[in-house]
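If you want the building blocks of each chain, they are given just below.
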Amino acid sequence: MNSFDFHNPTRIVFGEGKIAQLDALVPSNARVMVLFGGESARSTGTLGEVTAALGKRDIHEFSGIEPNPSFETLMRAVTRVRDEKIDFLLAVGGGSVIDGTKFVAAAALFEGDEWDILLQGGNNIAKALPFGAVLTLPATGSEMNQGAVVTRKSLRIKLPFHSPYVFPKFSILDPTKTFTLPPRQVANGVVDAFVHVMEQYLTYPAQAPVQDRFSEGLLQTLIEIGPQCLAEPENYQVRASLMWTATMALNGLIGSGVPQDWATHMLGHELTALHNLDHAQTLAIVLPSMLRERKAAKQAKLVQYAERVWNMTEGSAEQKADAAIDKTQAFFESMGVKTHLVDYQLGEEHIDELIDGLKKNGMNKLGENGDVTPDMCRRVLQRSLR
């Protein structure tokens with residue numbers, strides 16, 4: 001196990017009806033901006049609950065944060081935060097809204113060109129406005145981590161950033177807020193959380209049995225509850241399990257002291273930036289082919305994954321590795337998330353632009369060993385065609 005420094009300051013308030021606790025969680029004299037996506041936050045009643053819980057505080061609203069939050073939209077929010085002297089932000093939504101709020105929190109106090117936050121991966125953030133979150137879509141884990149991803153539409157670039165200054169002060173997780181989600185968003189959330197775990201788990205053996213067992217438990221939970229989430233949309237216990245699993249998948253715990261990959265995510269970001277695919281759709285396209293392309297380097301962990309997560313006991317190491325990848329791809333398909341480029345009307349003719357995007361963003365040495373090159377990513381995409 002590698003040395004590590006793990007600290008997560010985000011307070012989690014979990015359960016039905018917990019939005020009422022906003023009154024105790026947000027400073028009583030705060031000038032609050034509530035950030036959200038579309039009108040579903042209002043039509044489902046969640047925004048009304050939030051406003052009621054905030055009581056007599058000075059409340060401002062900013063709507064329209066996209067599923068892949070754009071730099072352009074978020075900069076409009078930054079301008080309002082500065083003009084209206086907002087001193088506390090509250091994200092109401094899923095990972096995209098929370099990611100966007102993290103950027104607004106940092107950019108509002110940033111001295112210089114705000115785009116530099118993305119270009120430098122957040123390393124230049126020195127302070128940020130405090131903020132909290134009300135989670136309505138479990139998927140990204142953004143409610144309990146220090147990372148975010150933002151797209152600059154005008155440049156067709158999607159970049160991540162990280163900073164300890166953008167941990168949420170608190171996040172409220174009420175599973176009932178997921179009951180009205182469309183099946184597509186629920187399925188995306190399951191796939192997103194699954195791949196988050198895989199990026200931290202399926203690398204090479206690191207003598208970290210605690211992290212491995214945590215990861216395997218999270219993966220088995222998603223395999224078990226994924227179909228239930230679609231079949232029983234108002235099953236509180238199932239939705240509670242999904243919400244907590246997605247949070248645990250990327251709050252830093254299972255990634256502490258172990259090598260991490262993230263090549264699938266970086267290639268997936270190019271698919272989103274250039275073709276506006278859902279984040280989870282890109283992961284479902286890339287991961288199975290990425291594992292097949294890198295099967296030899298990952299074989300030890302693939303066999304462990306096959307045996308412990310999919311309960312495979314027969315066959316050679318190579319057969320187990322192949323079968324585990326097939327099972328993974330079939331699981332994504334069973335959730336209704338397609339796994340081939342042709343499923344999204346993309347073909348061979350789109351690959352050059354995707355690889356050029358990787359190169360332009362400096363993504364030349366990806367993966368846990370830094371050996372995932374643009375040429376390898378080209379082969380991954382070719383495997384993913386159909």
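All figures in this text were calculated on a predicted structure; none of them were measured in a lab. (Residues numbered from 1 in each chain as written. Predicted model: local features only at pLDDT ≥ 70, side-chain atom pairs only at ≥ 80, totals over all residues. Heavy atoms only, no water.)

Explain the sheet that holds strand β1 (residues 11–14) here, please?
In a beta sheet, neighbouring strands are held together by backbone hydrogen bonds and run either parallel or antiparallel to one another. With parallel pairing, six strands are arranged side by side in an open sheet as β1-β8-β5-β4-β2-β3. Each end of this open sheet is capped by a strand with a single partner; those strands are β1 and β3 (58–62). For this sheet the average axis-to-axis angle between neighbouring strands, irrespective of direction, equals 20°. Here strand β2 (residues 31–36) runs beside β3; their pairing, made up of five bridges, is parallel. For methionine 33, the partnering residue across the bridge sits in β3 and is histidine 60. Set on the sheet, helix α3 (residues 46–54) makes contact with β2, β3, β4 (88–93) and β5 (131–135); between it and β2 the angle comes to about 170°. (Pairing = 2+ DSSP bridges. Helix = DSSP H or I, 4+ residues; strand = E, 2+ residues; numbered from the N terminus. Axes fitted to C-alpha atoms, helices over the stretch in contact; angles between N-to-C directions. Contact = heavy atoms within 4.5 Å.)

I keep staring at the pairing of β4 and nothing clicks. Help me out?
Among the six residues in β4, six count as buried, and that is most of the element. Residues Phe88, Leu90 and Val92 point to one face of β4 and Leu89, Ala91 and Gly93 to the other, with burial holding for every one of them. Relative to β4, β2 runs parallel, the two being bridged by five bridges. Directly across from phenylalanine 36, in β4, lies its bridge partner valine 92. (Buried < 20%, exposed > 50% of the residue type's maximum accessible area, 1.4 Å probe, protein only.)

Just to check I follow, could you spell out the packing of aromatic side chains for this structure?
The geometry of an aromatic ring pair is captured by the separation of the ring centres together with the interplanar angle, meaning the angle of the planes. In total, this model carries ten aromatic pairs according to the counting rule given. Ring centres of phenylalanine 71 and phenylalanine 103 lie 5.7 Å apart, and the angle between their planes is 65°; on these two criteria the pair is classed as edge-to-face. With phenylalanine 71 in helix α4 (residues 71–83) and phenylalanine 103 in helix α5 (residues 95–107), this residue pair connects regions lying 32 residues apart in the sequence. When the centroid spacing of 6.2 Å and the interplanar angle of 15° are considered together, the rings of phenylalanine 88 and phenylalanine 170 count as stacked. Of this pair, phenylalanine 88 sits in strand β4 while phenylalanine 170 sits in strand β8 (residues 170–173), placing them 82 residues apart in sequence. Neither residue differs from the other here; phenylalanine 88 and phenylalanine 170 are each classed as buried. Over the aromatic face of tyrosine 201 sits the side chain of lysine 301, whose NZ or CZ is 4.6 Å from the ring centroid. (Phe/Tyr/Trp six-rings, centres within 6.5 Å; stacked < 30°, edge-to-face > 60°. Lys NZ or Arg CZ within 6 Å of the ring centre and 35° of its normal.)

Whenever I open this one, helix α8 (residues 209–231) confuses me. Can you help?
Along an α-helix, a turn takes 3.6 residues, which lines up residues three or four apart on a common side. The end-to-end C-alpha distance of α8 is 34 Å, a good match for the 33 Å that 23 residues give at a rise of 1.5 Å each. The principal kink in α8, of about 35°, is found at isoleucine 225, preceding the proline proline 227 by one to four residues. All of the buried residues in α8 are Gln211, Asp212, Ser215, Glu216, Leu218, Leu219, Leu222, Ile223, Ile225, Gly226 and Cys229. Lining the buried residues of α8 we find α7 (183–201), α9 (236–249), α12 (299–308) and α13 (317–334). (Expected span 1.5 Å × (residues − 1). Bend = angle between axes of the 7 residues up to and from the residue.)

Could you clarify how one ought to interpret a nonpolar patch on the surface in this entry?
There is a patch of nonpolar side chains on the surface, built from Met1, Phe4 and Phe6 and spanning about 310 Å² of accessible area. Its location among the elements puts phenylalanine 6 in the segment before β1. (Patch = residues over 30% accessible without salt bridge, like charges linked within 9 Å, V, L, I, M, F, W, Y side chains within 5 Å. Areas by Shrake-Rupley, 256 points an atom, 1.4 Å probe, with all protein chains shown as cover. Salt bridge = Lys/Arg side-chain N within 4 Å of Asp/Glu carboxyl O.)

For this particular structure, what's the right way to read the nonpolar core?
Note that soluble globular proteins tend to have their nonpolar side chains buried in a common cluster. Formed by 67 residues in total, the largest nonpolar core has its most connected members in Phe194 and Tyr305. Here this core gets ten residues from one element, more than from any other, and that element is α7. Discounting chain neighbours no more than four positions away, the residues touching tyrosine 305 are Phe194, Met198, Tyr201, Leu202, Leu219, Trp310, Ala324 and Thr328. Counting 39 residues, the second largest nonpolar core, distinct from the first, contains Phe103, Ala105, Ala107 and Met243. (Core = buried A, V, L, I, M, F, W, Y, C linked by side-chain atoms within 4.5 Å.)

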